[in-house]
Amino acid sequence: MLYGYAGHTLRIDLTTGGVEKEPLKKEWVDDYIGGRGFTAKILYDENPPGVDPLGPDNRFIIAMGPLSGLFLPASGKTHFCTKSPATGGYGDSNMGGHFGVNMKYAGYDVTILKGRAKVPSVILIDDDRIEIKPAGDHWGKGSTAVEEAMKKELGEDFHILTIGPAGEKMVNFACISHDFGRQAGRIGIGAVLGSKNIKAIAVRGTGSIPVFDPKGLLKKGKETYAACRAKPGFLGWTPEGTAGITNWCNDVGALPTRNFKTSNCDYADDINGKAILKELKITDKGCFACPIPCGKYGKARTSKGSVYVEGPEYETLSLLGSNCELSDIHGIAYANYVCDEFGLDTCSAGAVVSFALECFEKGLISEEEMGIDAKWGDLDSIVHILEMIAKREGIGDTLAMGVRDAAVKIGGDSDKFAIHVKGLEWTGYESRNAPGMMLGYMTADVGAHHGRCWVLGTDVANAVGGNKDANVHDLISQGADFDAIPKADHKNVVPLVLKSQHLRPAFDILGTCRLQYMEIGLETHYYEELYYYATGRKLDFEKDLLVLSEKIWHLNRMYNHREIPGFGRKYDYPPPRFYEEAIPSGPNKGHRVTMEVIEEMLDSYYEARGWDKNGIPTKETLERHRLSA
Ligand code: SF4
């Protein structure tokens, strides 16, 4: 008996319609525990080498962890994995809500899709009953509209994930949507589902999950819930969620502004968490069993109409807001809604729109191509560009490839301000004076994603306090002056980056949200204890879980090495803007990272990881982790 697991893998061949249910492999459980551990292993082993990310043979994997669905705090995360159409390498994306929980109740820890349905279809998973049905009128419709319609059709107890029209058109940054506002946003995960002709997956699970010590688990779960609510950070985090960081980012010169040209704006107060509470919010919204719900559901009112929307979160505020110079909170929320309906990742969408606006400003995209006299900060322009992308119309077809590939087609000097790593657009932290954060973005397996590493606080503390242990929040409360931040030291960032890169997968492996640990400081012993009561297995957070995280980093690096022609060191460089242009304004004015620093950081990082000078894991490193090339 595998306590903590539903016990099965579901395999669906969309080409033949074949469905197989097989026992969950014990070696996956023993060696990779769950969630992101499972998906990394399965993608490496089962995805055919060299597969086209948008071809039928690319696997689309859904996995949950041993804590998923057990009524433990924030145990509702679902992990998706595939070969990314954005990067051509390893790709995964994580989503809150209630979908994965119900997949486990239906009996499946892992689901693997392959093939392509003959006609646009939806997958229905009702415990043991699996059906692939024509999508009918749902094809072509917006994500929320389809979720609503399918719930009416099937019943409220079905949990639905959908793609929008952008996923159907295989836009490289199409997302998956669920729960009227939750997304698995990154790496073009929605485009892969679209390439398989799958519009939606609906699941209803009515089974139960065997646990090793139900009474002990219930007691510890309640204790953990109470511990989260008692944390001093609870009251700081929950009211505004991620949007609460907006002013801090602006103050320390990390808020991407005008396509990452600069890192500070003069309207942060108009687009921050407080503005959301004052102007938009109707209610808080959280994922399954979350003690610290961070979602804000509200109403945006604009000249284009009034809409209900969840968010905007910080990434959306920064990338569709300041990065596009949009300073109206209602406008940002409306653009957020447009992305959600079309099924576009708001992070990449904001980065691509700001890239397009800069191309237009520089004459690299004409007014005729753009179809509008596009302006920074203009909601009409932003929505127009988003629509063209989602429908792949005109220049939208080029922009739908993402900034890296669009720059190749647009030409001029646009590659200099195409802000990405490995083909994935950079998210909401300008890092020219944050070397640890920059290194984290540079070396992430999926490309420039903050979800892989976040050490900005320590970077800033190092710069303004000269003390690597300084807490930047303390510095602010002590009245630290951020008007002119000194150049940050890059010398000792590698251990910090590695620690953050190893911590983050731990929660994706277990199947919980990481924010209880990251944002309010829930201690790791809770996770060890919950894991024990759920599975009957002992787990040392540092010696077992973080070591597994490290193993996954090597495995995914090997996947990129195998799949991306010529993969190596050059794929870890940041965009030229960051080393060729100094920040022109704000507290980090005058700072840029130099190539010398970039090379030095990469040398140290590769050495610490046990990779060669080209960034490829050495034979010894692979052997140490019982991996083979
Ligand atoms: Fe979901 Fe936010 Fe709670 Fe995490 S903290 S589980 S993202 S509501």
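Residues numbered from 1 in each chain as written. Predicted model: local features only at pLDDT ≥ 70, side-chain atom pairs only at ≥ 80, totals over all residues. Heavy atoms only, no water.

Draft legend 1. Molecular detail of helix α24 (residues 541-563). The end-to-end C-alpha distance of α24 is 31 Å, a good match for the 33 Å that 23 residues give at a rise of 1.5 Å each. Burial analysis of α24 places 17 of its 23 residues in the buried class, the great majority of the element. The N-terminus of α24 is capped by D540, whose side-chain oxygen sits 3.0 Å from the backbone nitrogen of E542. (Helix = DSSP H or I, 4+ residues; strand = E, 2+ residues; numbered from the N terminus. Expected span 1.5 Å × (residues − 1). Buried < 20%, exposed > 50% of the residue type's maximum accessible area, 1.4 Å probe, protein only. Polar contact = N/O pair within 3.5 Å; in protein donor to acceptor, adjacent residues only side chain to side chain.)

Draft legend 2. View of the packing of helix α11 (residues 314-321) against helix α13 (residues 346-361). Here α11 crosses α13 at 15 degrees, and the two axes come no closer than 8 Å. When the interaxial angle is binned, α11 and α13 end up roughly parallel. The two elements α11 and α13 meet at a crossing, and its hand is left-handed. Two secondary-structure elements touch here, α11 through E315, T316, L319 and L320 and α13 through T346, C347, A349, G350 and A351. For the contact of α11 with α13, the residue count by class is 5 nonpolar, 3 polar and 1 charged. (Axes fitted to C-alpha atoms, helices over the stretch in contact; angles between N-to-C directions. Parallel < 35°, antiparallel > 145°, perpendicular 65-115°, else oblique. Left-handed = near helix turned anticlockwise from the far one by under 90°. Contact = heavy atoms within 4.5 Å. Nonpolar A, V, L, I, M, F, W, Y, C, P; charged D, E, K, R; others polar.)

Draft legend 3. View of helix α2 (residues 35-46). In this model α2 runs 16 Å from its N-terminal to its C-terminal C-alpha over 12 residues, within 8% of the 16 Å that 1.5 Å per residue would give. α2 sits mainly inside the fold: 10 of its 12 residues count as buried.

Draft legend 4. Molecular detail of the packing of aromatic side chains. Within this structure, the stated rule accounts for 25 aromatic pairs. When the ring of F355 is compared with that of F417, the centres are 5.6 Å apart and the planes differ by 45 degrees; the resulting orientation is tilted. Placement of F355 in helix α13 and of F417 in the loop between α17 (403-410) and β16 (420-421) is noted, with a sequence separation of 62 residues between them. The same class applies to F355 as to F417, namely buried. One aromatic cluster is present, formed by Y3, F212, Y532 and Y533 through successive ring pairs. The lysine or arginine in question, K538, covers the ring of Y532, its NZ or CZ lying 4.7 Å from the ring centre. (Phe/Tyr/Trp six-rings, centres within 6.5 Å; stacked < 30°, edge-to-face > 60°. Lys NZ or Arg CZ within 6 Å of the ring centre and 35° of its normal.)

Draft legend 5. Summary view of the nonpolar core. L344, F355, M370 and L399 are the most contacted members of the largest nonpolar core, which has 102 residues in total. Counting residues per element, this core draws most heavily on α13, which supplies 9 residues. What L344 contacts, discounting residues up to four positions off in sequence, is A166, V171, F173, A174, C175, C339, A349, L386, I389 and A390. Core analysis: the second largest hydrophobic core is formed by 95 residues, M64, I130, Y526 and Y531 among them. (Core = buried A, V, L, I, M, F, W, Y, C linked by side-chain atoms within 4.5 Å.)

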